[in-house]
Amino acid sequence: MGRKRGLDRPCCQTVTPLPRSYDVVSMVRTRFAPSPTGYLHIGGVRSALFNWLFARHHGGQFVLRIDDTDQQRNVDEALAPILAGLKWLGIDWDEGPEVGGPHGPYHQSQRTEAYAAAVEQLLAGGFAYRDYARTEEIQAEREAAQAAKKSFVYSRRWMAETDAQAAQFEAEGRQAVVRLKTPHEGTLVIDDLVRGRVEFNWADEQDHVIQRADGSCLYHLATVVDEHDHQITHVIRAEEHLSNTPRQLFIAESLGYELPRFAHLPYVAEPGSKTKMSKRKIPKYIKNPEFAALYNHGLAIAERLGLETSEDVFNPVVTDFYEAVGYLPEAIVNYLLLLGWSLDDRTEDFSREAMIEAFTLERVNKAPASFDPNKLMAVQDRYMQRLSIDRKVELARPFLVGAGLLAASSDEAESDPRIAAVLEAAGDRIRVAGDILDFDDFFLADDALVYDEKAFAKRLGADEAQALLRDFATRLGDVDPFDAEATEACLRAFVEERGIKIGDLVHPIRLAVTGKAKGFGLFETLAILGRDAVLRRIELALTKAAAGT
RNA sequence: GGCCCCGUCGUCUAGUCAGGUCUAGGACACCGGCCUUUCACGCCGAUAACACGGGUUCGAAUCCCGUCGGGGUCACCA
């Protein structure tokens, strides 16, 4: 892409904004730059997704860069869940960790020489200076500015522009950091691809530190150098970086770089609020009924699986949550796409190809969008119901195994026809793969059934109900074949004979054979269980009922 | 507090740049009803929003000004 006309040096003058529309002349290159925190924030996924979509839409490249400037230990370990999450979601990168690329390295920790060289260049050009102020001295100035209700601007009192000055400060035992020599006047106009024209006054910008006394460099310097070296054309990132843009532009211009275009995305907000969503605020979000439903639904599944469920690892703000519970990555991606972006007033269903085709930054919303658990589930549901039974079996089996309801990977487990039968009968009641555990009763031993006590008392507490069930069980024993049609015919005949309502028997039977008050069709239930299990379970329930009264 | 951004149903949004066709459309949730052996699905229906105040205009959700509200950011974190 060509150099931006308005942002040529000097950048401290008012510039002419470019029109919001843009032409992509050369190869588009975008990037997602997570820092290795050990988890993939759902908001981060949204940023990654938009970068990825933009690149794919334009036939460009998507780069994954790792912002580990400040991390020393366990980078690989802290990075693994992030890479795994992106892969799970189908957000693939053309360059970066694991795949390499011609512009590497892609870890900031491996690029320190490039940063140091950039600092030297800024120093030589007079765009940065060595500063010998002590932390407390800066702090005092900052507080004074705040007290005066003005923007903090460093006095440059300990600035050393000559070797003599530096020597003098060093004689006082001071150490130098490198600061940007930010312009003090003029206006900077950013032509943001999402927000349009945004103006900043240089007078409000401060001389940010770009290199510490120990020679290590800070993020804003690093990111600018990286984006240049990686030839990033479009920096698409969260809105929280908007106010960092002036200093980054100053660095880039001072270094003579071609400038990328910027697009600042609104962040993903808390459910029912406009505050940025945070992983650490689960106790607060739980007070939101919809969020609580999402969380508890997942928690129940995770507990059945014996997963670690501390908030640190099991948390709906973190992508892993959805994988652990059995959401579909396509559904998560489709939902996230709609969070802050829309094509028109009605299209919501986007295949991977369709979203790539349709995605443009012009249609990204400016206002933050709050995370809506209900909508997520609705999208998930839609995707789930489209799956073939075979695919559902594939997805559900690991949950049965994980909950100890099915043998790990024996051939018997592989071919267990009950899974498909239950999935078929349960239909849309299975919204995430982990929901198969709601039908655990089909996989339990007859005497291991757990009864819904309240419902049991209601449906089987009375002597008449027990007697009815006992009589009907005798009839059931003769049904052949023992399938849904035959058992239904049998029950209907029996009911008519006795002059009772079908519900008088349906509910007690369901309770007796599944232990639950609700479930899918009773006759499908009986058929899947089979005659032996049904009769045994009825017997067991009657024994229990007799003992209870 | 300084700077910056944002503001349409509870939520996601369409409409705002090029003012009328918007008595503001769709989706999710909620509520009512139908279906029904329970639950779920499905179907039908209902409630529900242009933050406020001034302008400009024949006409404003759309343009201008102001107010209020919300958020982001002000690190030798990323």
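Residues numbered from 1 in each chain as written. Chains lettered and ligands numbered in written order. Predicted model: local features only at pLDDT ≥ 70, side-chain atom pairs only at ≥ 80, totals over all residues. Heavy atoms only, no water.

**Digging into the overall build of chain A**
Next, step 1: Secondary structure summary: chain A contains 22 helices and 12 strands in total.
Next, step 2: Since a compact globule built from 549 residues should have a radius of gyration of about 24 Å, the 32 Å found for chain A marks it as more spread out than a globular shape.
Next, step 3: When the backbone C-alpha atoms are referred to their principal axes, chain A occupies close to 105 × 50 × 45 Å.
Next, step 4: Across chain A, contacts joining residues at least 24 apart in sequence account for 73% of those joining residues at least 6 apart.
Next, step 5: In the structure as shown, chain A presents an accessible area of about 24600 Å², 49% of it carried by carbon and sulfur atoms. (Helix = DSSP H or I, 4+ residues; strand = E, 2+ residues; numbered from the N terminus. Rg over C-alpha atoms; globule rule 2.2 N^0.38 Å. Contact = heavy atoms within 4.5 Å. Areas by Shrake-Rupley, 256 points an atom, 1.4 Å probe, with all protein chains shown as cover.)

**Some points on the pattern of salt bridges**
Next, step 1: Across all of its chains, the model carries 38 salt bridges by this definition.
Next, step 2: Across the salt bridge formed by D226 and R65, the nearest N and O atoms sit 3.6 Å from each other. Taken together, the positions of D226 in helix α6 (residues 219-229) and R65 in the loop between β2 (61-64) and α2 (75-89) put the pair 161 residues apart, joining distant regions of the chain.
Next, step 3: The closest approach of N and O atoms between D440 and K516, which form a salt bridge, is 2.7 Å. Here D440 is found in the loop between α16 (417-426) and α17 (453-460), whereas its partner K516 is found in the loop between α20 (503-514) and α21 (522-529), with 76 residues between them in sequence.
Next, step 4: You can call D440 buried: its relative accessible area is 10%.
Next, step 5: Overlapping salt bridges, with partners in common, bring together R31, R65, D67, R111, D226, E227 and D229 in one network. (Salt bridge = Lys/Arg side-chain N within 4 Å of Asp/Glu carboxyl O. Buried < 20%, exposed > 50% of the residue type's maximum accessible area, 1.4 Å probe, protein only.)

**Section: the packing of aromatic side chains**
Next, step 1: Summed over all chains, the structure comprises 15 aromatic pairs.
Next, step 2: With 5.2 Å between their ring centres and 70° between their planes, Y451 and F456 make a pair best called edge-to-face. F456 matches Y451 in its accessibility class, with the two residues each being buried.
Next, step 3: Arranged with centres 5.3 Å apart and planes meeting at 55°, the rings of F472 and F494 form a pair that is tilted. With F472 in helix α18 (residues 463-476) and F494 in helix α19 (residues 484-498), this residue pair connects regions lying 22 residues apart in the sequence. One exposure class covers both F472 and F494, and it is buried.
Next, step 4: Through successive ring pairs, a cluster of aromatic residues spans F50, W341, F350 and F359.
Next, step 5: In this structure, R179 packs its charged tip against the face of Y154, placed 5.1 Å from the ring centre. (Phe/Tyr/Trp six-rings, centres within 6.5 Å; stacked < 30°, edge-to-face > 60°. Lys NZ or Arg CZ within 6 Å of the ring centre and 35° of its normal.)

**Here we look at the environment of I528**
Next, step 1: Tracing the sequence through the fold places I528 in helix α21.
Next, step 2: Separated by 45 residues in sequence, I528 and D483 have C-alpha atoms that sit 8.1 Å apart.
Next, step 3: For I528, the residues in contact, after removing those within four places along its chain, are A421, V422, A425, F442 and F520.

**Here's the deal with helix α22 (residues 531-548)**
Next, step 1: Here α22 contains 18 residues, and its C-alpha end-to-end distance of 25 Å stays within 8% of the 26 Å for a straight helix at 1.5 Å per residue.
Next, step 2: Listed in full, the buried residues belonging to α22 are A533, V534, R537, I538, A541, L542 and A545. One side of α22 holds all its buried residues, which, seen down the axis, span an arc of 165°. Opposite the buried face of α22, by more than 90 degrees, sit the exposed residues D532 and A547.
Next, step 3: The secondary structure elements touched by the buried residues of α22 are α17, α18, α20 and α21. (Expected span 1.5 Å × (residues − 1). Arc of directions from axis to C-beta.)

**A word on the confidence of the model for chain A**
Next, step 1: Of the residues in chain A, 93% have a pLDDT of 70 or more, and the chain-wide mean is 92.
Next, step 2: The ipTM assigned to the predicted complex is 0.95, against a pTM of 0.93. (pLDDT = per-residue confidence, 0-100.)

**What to know about the sheet that holds strand β8 (residues 209-211)**
Next, step 1: As summarised here, the arrangement of the four strands in space is β4-β3-β5-β8, forming an open sheet in which the pairing is antiparallel. Both outer strands of the open sheet, β4 (159-160) and β8, are each paired with one neighbouring strand and no more.
Next, step 2: Across two bridges, strand β5 (residues 177-180) lies against β8 in antiparallel orientation. Opposite R179, over in β8, you have V209 as the bridge partner. (Pairing = 2+ DSSP bridges.)

**A look at the packing of helix α14 (residues 389-402) against α16**
Next, step 1: Contact pair α14 / α16: the axes reach a minimum separation of 9 Å and the direction vectors enclose 115°. Comparing the axis directions of α14 and α16 gives the class roughly perpendicular. You can see that α14 and α16 cross each other, and the crossing is right-handed. Taking contact as the criterion, the partners of I389, K392, V393, A396, R397 and L400 in α14 are, on α16, I419, A420, L423 and E424.
Next, step 2: Tallied by class, the residues present in the contact of α14 with α16 amount to seven nonpolar, no polar and three charged. (Axes fitted to C-alpha atoms, helices over the stretch in contact; angles between N-to-C directions. Parallel < 35°, antiparallel > 145°, perpendicular 65-115°, else oblique. Left-handed = near helix turned anticlockwise from the far one by under 90°. Nonpolar A, V, L, I, M, F, W, Y, C, P; charged D, E, K, R; others polar.)

**As for the nonpolar core**
Next, step 1: Y322, Y327 and F371 are the most contacted members of the largest nonpolar core, which has 123 residues in total.
Next, step 2: The element that contributes the greatest number of residues to this core is helix α1 (residues 42-57), accounting for nine residues.
Next, step 3: The residues touching Y327, leaving out its near neighbours within four places in the chain, are W88, L294, H297, F321, Y322, I332, L376, M377, Q380 and V432.
Next, step 4: Among the nonpolar cores identified, the runner-up in size contains 33 residues, and V119, I190, I232 and V235 belong to it. (Core = buried A, V, L, I, M, F, W, Y, C linked by side-chain atoms within 4.5 Å.)

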